[in-house]
Amino acid sequence: MKTSLANRLTQLASRLEELDGLLAAPDVTRDLDRYRALSRERAEIAPRVALYRDWQQAEHDLASARELLSDSEMKAYAEDEAKAAAARMERLEDELQHALLPKDPSDERNVFLEIRGGTGGDESALFAGDLFRMYARFAERNGWRVEMVSESPGDMGGFKEVIARIVGQGIYGKLKFESGGHRVQRVPETEAQGRIHTSAATVAVLPEADPVADVTINPADLRIDTFRASGAGGQHVNKTDSAVRITHLPTGLVVECQDDRSQHRNRAQAMSVLASRLVDRERQERQRKEAATRKSLIGSGDRSERIRTYNFPQGRVTDHRINLTLYKIDQIMDGDLFELTTALAQEFQAEQLAALGETA
């Protein structure tokens, strides 16, 4: 084990002892916020320290076995013990490296999914609709709930733009690598000559912001307009200015929400989307600065970057960031994204391990 890694684990072991002392104090529950914070920190550290102690025991077992190698009667036994201890040390060191990887605090959050048709006119809107259905089916397979926030239908179907909130457990952790440019190659239904067209759509997956902890929005920075909702809705559409448009003046970000009959709920939902976009801007800027020293292959979430191609004539989906091609386009478009999302998460973890090795 590298010295710097061992030093980090030794520090965690010392901190665990310190936390045990603090939590054992008779007056620790007087400040409940501090008590919860200490308990959370202990719960995070304890499994890592337990692994480190197992590794130290394996190291001790290896040293003891090696001392017996000079004894001719014990040599065969000692060799077996030494081999087993060395294997345990190697396995535990690998587990420790994974345990020390930085956790993304947003991984467990709900998300806002934003899909916009790009180049390709009506076909790009249809593709945006196909992508939305793909993610909605994936959400259904995971037991998540999809709530529409706003939608702008395409002239021939699909969406020029659609925003939805997805609610459930561990959503951002599974979908955070979906942000970017998605390209489709297929023969449109309107193409009489049977020629393959290329169209595009952009996907943004934003972790839902905590309005208290994550961002502070100055009301003076907002322009809020109300208007009548468009689309289906009968008499309600013609009578009530329930739709809300919020413009964040410093950044120019604009959010509309008209899916609910209540102006109050539409305003609250639009504010939540705006907060998430502002936090995402800060995150992207931070990642751009980090990329100046070390380029992350799949963690940037840059909307302008083409990340995936869906080729219908060949029945394939290719993720260009990890050079993964799957010949199961029908299953993927029906929401079977598990192989893709797992491969992306594993590649990102490999990058993190490489970075940990560089600093260890």
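Just above sits the structure.
Residues numbered from 1 in each chain as written. Predicted model: local features only at pLDDT ≥ 70, side-chain atom pairs only at ≥ 80, totals over all residues. Heavy atoms only, no water.

Section: the packing of helix α2 (residues 32-67) against helix α3 (residues 75-99)
Relative to each other, α2 and α3 sit at 160 degrees, their axes nearing to 8 Å. Taken together, the axes of α2 and α3 lie roughly antiparallel to each other. Handedness of the α2/α3 crossing: left-handed. Residues R48, L51, Y52, D54, W55, A58, E59, D61, L62 and A65 of α2 touch α3, and the partners they reach there are A78, E81, A82, A85, A86, R88, M89, L92, E93, E95, L96 and A99. Of the residues contributing to the contact of α2 with α3, the split by class is 14 nonpolar, no polar and 8 charged. (Axes fitted to C-alpha atoms, helices over the stretch in contact; angles between N-to-C directions. Helix = DSSP H or I, 4+ residues; strand = E, 2+ residues; numbered from the N terminus. Parallel < 35°, antiparallel > 145°, perpendicular 65-115°, else oblique. Left-handed = near helix turned anticlockwise from the far one by under 90°. Contact = heavy atoms within 4.5 Å. Nonpolar A, V, L, I, M, F, W, Y, C, P; charged D, E, K, R; others polar.)

Here's the deal with α3
Taking 1.5 Å per residue as the helical rise, α3 with its 25 residues ought to reach 36 Å, and the 35 Å between its terminal C-alpha atoms agrees with that figure. For α3, the complete set of buried residues consists of A78, A82, A85, M89, L92, L96 and A99. Check the buried side of α3 and you find it contacts α1 (3-24) and α2. (Expected span 1.5 Å × (residues − 1). Buried < 20%, exposed > 50% of the residue type's maximum accessible area, 1.4 Å probe, protein only.)

Digging into the sheet that holds strand β8 (residues 253-257)
Read from one edge of the open sheet, 3 strands run β6-β7-β8, paired in antiparallel fashion. Looking at which strands have only one partner, the edges of the open sheet turn out to be β6 (222-227) and β8. Sheet twist, expressed as the mean angle between neighbouring strand axes with direction ignored, is 15 degrees. Alignment of strand β7 (residues 243-248) against β8, held across 5 bridges, turns out to be antiparallel. Along β8, the bridge assignment pairs H248 with L253. (Pairing = 2+ DSSP bridges.)

Quick word on the packing of α1 against α2
Viewed as axis vectors pointing N to C, α1 and α2 meet at an angle of 135 degrees, and their least axial separation amounts to 9 Å. With respect to each other, α1 and α2 are oriented oblique. Handedness of the crossing formed by α1 with α2: left-handed. On the side of α1, the interface is formed by A6, L9, T10, L12, A13, R15, L16, L19, D20, L22 and L23, while α2 contributes R34, Y35, L38, S39, E41, R42, I45, A46, R48, V49, Y52 and R53. When its residues are assigned to classes, the contact of α1 with α2 shows 14 nonpolar, 2 polar and 7 charged.

Here's the deal with the environment of E41
Looking at the secondary structure, you find E41 in helix α2. Between the C-alpha atoms of E41 and L16, which are 25 residues apart in sequence, the distance is 8.8 Å.

Digging into the side chain of E208
With respect to the helices, strands and loops of the structure, E208 is situated in the loop between β5 (197-207) and β6. Owing to a relative accessible area of 15%, E208 belongs among the buried residues under this scheme. When near neighbours in sequence (up to four residues on either side) are disregarded, E208 contacts R109, N110, V111, F112, R165, S272 and S276.

Focus: the environment of L51
For L51, the position within the fold is in helix α2. In the structure, L51 is positioned 45 residues away from L96 in sequence and 6.6 Å away in space, judged by C-alpha atoms. Leaving out residues up to four positions away in the same chain, L51 has contacts with L92, E95, L96 and A99.

Observations regarding the sheet that holds strand β2 (residues 145-153)
The pairing of strands in a sheet happens through backbone hydrogen bonds and is either parallel or antiparallel. Strand order in the open sheet formed by 8 strands is β2-β3-β1-β5-β4-β9-β10-β11, and the pairing between neighbours is mixed. Pairing within the sheet leaves two strands with one partner each, and these edge strands are β2 and β11 (324-326). The average undirected angle you get between the axes of adjacent strands in this sheet is 15 degrees. Where strand β10 (residues 316-319) and β11 come together, 3 bridges link them in antiparallel fashion. The partner of D319 across the bridge, within β11, is L324.

From the geometry alone we can't say anything about function, so treat these as descriptive.
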